[in-house]
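# Close look at the chain arrangement
Now for the letters of each chain:
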Amino acid sequence: MNRRFFYVYLILAIFTLVPTSGLQAQSGNHTLIPAGLSPITPANAAQMQQVAQLGKGRIFGLGWMDHHIGIATSLGAWVYDAENLAESNWPNAPIIPAYTDQADAGAFSPDGRFYASGGMNGEIALYDLMTHEQIATLEGHTDAILDVVFSPDGKLLASDARDATVRVWDTATFGEVASFPKGETLDAPMTFTPNSLSFIWGTSESATAEIGGYTIHAWNRKTSEESVLVKRETSQTGTYLSALALSQDGRYLAVGANYELHVWDVQTNEMLWTVDNHEEYLVNYSIAISPDSQWVVSATTDLGGLAEAVRIFDRATGELSKALDDYAGVVNHVAFSANGVWLAATGYDGTLRLWDTATFTEQGRVTGHYGAADHLALSADEELLAAGGFDHVVRVWDTATSGERPILESGWFASIEGVAWHPNGLQLVAIANHVVSDYKVWDTVTGTEMNVPVQNGDRVFSGVFSADGTTIWLAMMQNGAFTVLQIPLDGGEAVTQTLVSAPPSAALFTSDGRVLASGDEAGTIHLWDTLSGKPTEVFLQDGPVKSLTFSPDAILLASLGNEGRIWIWDVATGDLLAELPAGTGNTVSMAFSPDNQLLATGSADGTVHVLDIATQTELIALTGHLDDVTSLLFNADGTALLSGSFDSTVLVWGVRS
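If you're wondering where the values come from, they're calculated on a predicted model, not measured in any experiment. (Residues numbered from 1 in each chain as written. Predicted model: local features only at pLDDT ≥ 70, side-chain atom pairs only at ≥ 80, totals over all residues. Heavy atoms only, no water.)

Attention now goes to the overall build of the chain. A tally of regular secondary structure across the chain gives 1 helix and 57 strands. Residue pairs in contact within the chain that sit at least 24 positions apart in sequence constitute 44% of those at least 6 positions apart. When the accessible surface of the chain is split by element, carbon and sulfur atoms take 49% of a total near 25,300 Å². (Helix = DSSP H or I, 4+ residues; strand = E, 2+ residues; numbered from the N terminus. Contact = heavy atoms within 4.5 Å. Areas by Shrake-Rupley, 256 points an atom, 1.4 Å probe, with all protein chains shown as cover.)

Have a look at this one:
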């Protein structure tokens, strides 16, 4: 049996053994909140465990293994059959789990034997894909791994790290065979020649250099000789080298540098053509050359957030043949299959997409990998869950089937800072603060943006629908003043209430928009009646107000201060009811249980803490996230706690009956 097909056969055999008892982003066979959970109370909170999951992590690696595609993510390694992307029967667990302290660096060997994962500590974990076992730890780098690349024969592995070196490793002996300095270069794009004889990497001049440019180096594994493949000098000071690719015949080299795409003839050392994108600021984040050298494909990233695209150029002429721009965020990897029949791409919008190279029409996509779930919101009937994150989009899931609705694209080059449902569960409002300050409303049935009057401001703090669903309430800075706006959805004129001139550090509406809480750097918390614009209560905490959270019934208010200190206030009387230990000094999110007995807090270390308000003690610390827990919410009957994280997952916690 052909060796490559033998390994593919084994991988498929392994897939049949993978457990299927969790969530799958595309599957309709599971519910987000499983049946048979008990309401979470102080008495049973210590028994909480993870019961479901949405999402498979941020994608940071893409590799072809015959007709299979490997995806490296923040949660581990996944493998898909290119011929069946449309099917929804993917395993719900990674073939290789995430490496502890994992960096955004992962790669598959082309023959399907190995998977390499880089760590923040400079170590590289090498896994056997047949056994799922880690077979080696490659040690030598002293700082975080930026990238890892296998040679075509799988016998060598190259690594780029923040310790200003690139290194080459032997995958049989697990020893280092070469190391090269890369100077002040931020990233050193790497590849191997098709015959695996030479390792190629690039270095660029630092920002302080008088003359800019880059050098592409080559190292011969047999002779250990180094040489310069191509060298370019420019009058610009400094160069950012972003990507490179070598053609299958070893003749053509494509280089991304300073928003430009250069294509070289390596035999003649001549630059054949260049695409200058200075005015558009398109970074060539990943480059691929088709096996027949007909096409050069660039995954581009527009720093202005306006024109993300996979762009396909004619290798001979440099003419742009097609732009595949159906992406909501950064496109971070492109790669051709070995036979040139398929082109695959991944992006920060969380999708793996596949095109046939005869027509460059999309053949399928997988949406099981997605961007950060920073903000969560359940519709009133709990049939829909919305999540917004730094990938500029809002995702909506059907909680009964775990099926994903159409992605809602904001068009912002900014993270989603808040989402809230209309009482009818058919519309959703989202707000952004960073880079832009804006708000949008979508019809979640059709996935289309609704026409809502624009109200410009310097910062949007919070946004909700009114209880009758006729109005949007916004708390924002407008013309230098802290302002509440009532914006009618029928297109009528907005009503403006100016509260104070000083900007708060945090502000949050109750779910119906009738009460607004705001806190400042001095530790003063105001409660405002939003109809009259008058303050109703004033609380004082020790130190600046970091964030605020209302209980679902708006009876209690939690305020977060320095070092994770949390105060619980009675909204009606202004009494301080409790001061809670957060268990950590880096709390970033909070949520009350429906009965107001518990407060859940999310930490920057990925831990969820569940606290008893009455006794002011911690009941349990839940571990499972790999990054900041940025959003928390309980469902209405208190049987489940949902946590969203920068690790691109939504975890569901509960107590099984």
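In space, the 4 strands of this open sheet follow the order E51-E52-E53-E54, with antiparallel pairing throughout. Whereas interior strands pair on both sides, the edge strands pair on one side only; in this sheet they are strand E51 (587-592) and strand E54 (617-622). In this sheet, neighbouring strand axes are inclined to one another by 25° on average, regardless of whether the strands run parallel or antiparallel. (Pairing = 2+ DSSP bridges. Axes fitted to C-alpha atoms, helices over the stretch in contact; angles between N-to-C directions.)

Further remarks concern a nonpolar patch on the surface. On the surface, a nonpolar cluster with roughly 250 Å² of combined accessible area is contributed by Tyr285, Tyr348 and Phe390. Summarising the element assignment, Phe390 is placed in the loop between strand E32 (384-388) and strand E33 (393-398). Accessibility expressed as a relative area gives 31% for Phe390, which makes it partly exposed. (Patch = residues over 30% accessible without salt bridge, like charges linked within 9 Å, V, L, I, M, F, W, Y side chains within 5 Å. Salt bridge = Lys/Arg side-chain N within 4 Å of Asp/Glu carboxyl O. Buried < 20%, exposed > 50% of the residue type's maximum accessible area, 1.4 Å probe, protein only.)

Counting 26 residues, the largest nonpolar core has Ile472, Leu474, Phe482, Ile487, Phe509 and Leu516 as the members making the most contacts within it. Those elements that place two or more of their residues in this core are strand E36 (427-432), strand E37 (438-443), strand E39 (459-465), strand E40 (471-478), strand E41 (481-488) and strand E43 (506-509). Broken down by element, this core gets its largest block of residues, 6 residues, from E40. Not counting the four nearest positions on each side in its chain, Phe509 is found in contact with Ser462, Gly463, Val464, Trp473, Leu474, Ala475, Val484, Val515, Leu516, Thr530 and Phe550. (Core = buried A, V, L, I, M, F, W, Y, C linked by side-chain atoms within 4.5 Å.)

Once that is clear, we can look at the confidence of the model for the chain. For the chain, per-residue confidence averages 86 on the pLDDT scale, and 89% of positions sit at 70 or higher. Predicted confidence is poor over residues 1-29, with pLDDT under 50, and the contacts of this stretch with residues over four places away or in other chains come to 63 contacts. For residues 86-90, every residue scores under 50 in pLDDT, and the model assigns this stretch 13 contacts once sequence neighbours within four places are set aside. (pLDDT = per-residue confidence, 0-100.)

Pairing in this open sheet of 4 strands is antiparallel, and the strands run E19-E20-E21-E22 from one edge to the other. Either end of the sheet is taken by a strand with one partner, and the two such strands are strand E19 (241-246) and strand E22 (270-276). Going from strand to strand, the sheet's axes swing by 15° on average, the running direction of each strand aside. Summarising the sheet, strand E20 (residues 252-257) and strand E21 (residues 260-265) pair through 6 bridges and their orientation is antiparallel. Considered in E21, the bridge of Leu253 is made with Trp264.

Quick look at the side chain of Asp265 now. Mapping Asp265 onto the fold places it in strand E21. Polar contacts involving the side chain of Asp265 include one to the side chain of Arg251, which spans 2.9 Å. In this view, Asp265 contacts Arg251, Tyr252, Glu270 and Leu272; residues no more than four positions away in its chain are not counted. (Polar contact = N/O pair within 3.5 Å; in protein donor to acceptor, adjacent residues only side chain to side chain.)

On to the packing of aromatic side chains, then. Applying the stated criterion across every chain, the model contains 13 aromatic pairs. Measuring from ring centre to ring centre gives 6.3 Å for Tyr115 and Tyr127, while their planes differ by 35°; the resulting arrangement is tilted. In this pair, Tyr115 is assigned in strand E8 (residues 114-119) and Tyr127 in strand E9 (residues 124-128), connecting sequence segments 12 residues apart. Assessed through its relative accessible area of 6%, Tyr127 is described here as buried. Taking 5.2 Å as the distance between ring centres and 10° as the angle between the ring planes, the aromatic pair formed by Phe199 and Trp201 counts as stacked. Taking relative accessible area as the criterion, Phe199 reaches 0% and is therefore assigned buried. (Phe/Tyr/Trp six-rings, centres within 6.5 Å; stacked < 30°, edge-to-face > 60°.)

What follows is about the pairing of E41. Along E41, 8 of the 8 residues are buried, which leaves the element largely enclosed by surrounding structure. Across the two faces of E41 the burial is the same, with Ala481, Thr483, Leu485 and Ile487 and Phe482, Val484, Gln486 and Pro488 all buried. Alignment of E40 against E41, held across 8 bridges, turns out to be antiparallel. Each residue of the ladder has a partner; that of Thr471, found in E41, is Pro488.

Let us now look at the pairing of strand E56 (residues 640-645). Counting buried residues along E56, 6 of its 6 residues qualify, which places the element largely inside the surrounding structure. The alternating pattern of E56 places Ala640, Leu642 and Gly644 and Leu641, Ser643 and Ser645 on opposite faces, both of which are buried. Relative to E56, strand E55 (residues 629-634) runs antiparallel, the two sharing 5 bridges. Across the sheet, the residue bridging to Leu633 is Leu642, located in E56. Bridge count between E56 and strand E57 (residues 650-656): 5 bridges; the pairing is antiparallel. Bridging across to E57, Gly644 finds its partner in Val650. Where E56 folds back on E57, the antiparallel hairpin that results is connected by 4 residues, among which Ser648 adopts a positive phi of roughly 75°.

Here the focus is unusual backbone geometry. Unlike most non-glycine residues, Ser293 shows phi in positive territory, near 65°. Structurally, Ser293 is set in the loop between strand E23 (282-289) and strand E24 (295-302). Its relative accessible area of 5% is what places Ser293 among the buried residues. You will see that Gln616, though not glycine, has its phi angle at about 55°, which is positive. In this fold, Gln616 is placed in the loop between strand E53 (608-612) and E54.

On to the environment of Lys322, then. By the secondary structure assignment, Lys322 is in strand E26 (residues 320-324). The spacing of Lys322 and Ala309 is 13 residues in sequence and 9.8 Å in space, taken between C-alpha atoms. A distance of 3.4 Å separates a polar side-chain atom of Lys322 from the backbone oxygen of Thr359. Of the polar contacts made by the side chain of Lys322, one reaches the backbone oxygen of Phe360; its length is 3.2 Å.

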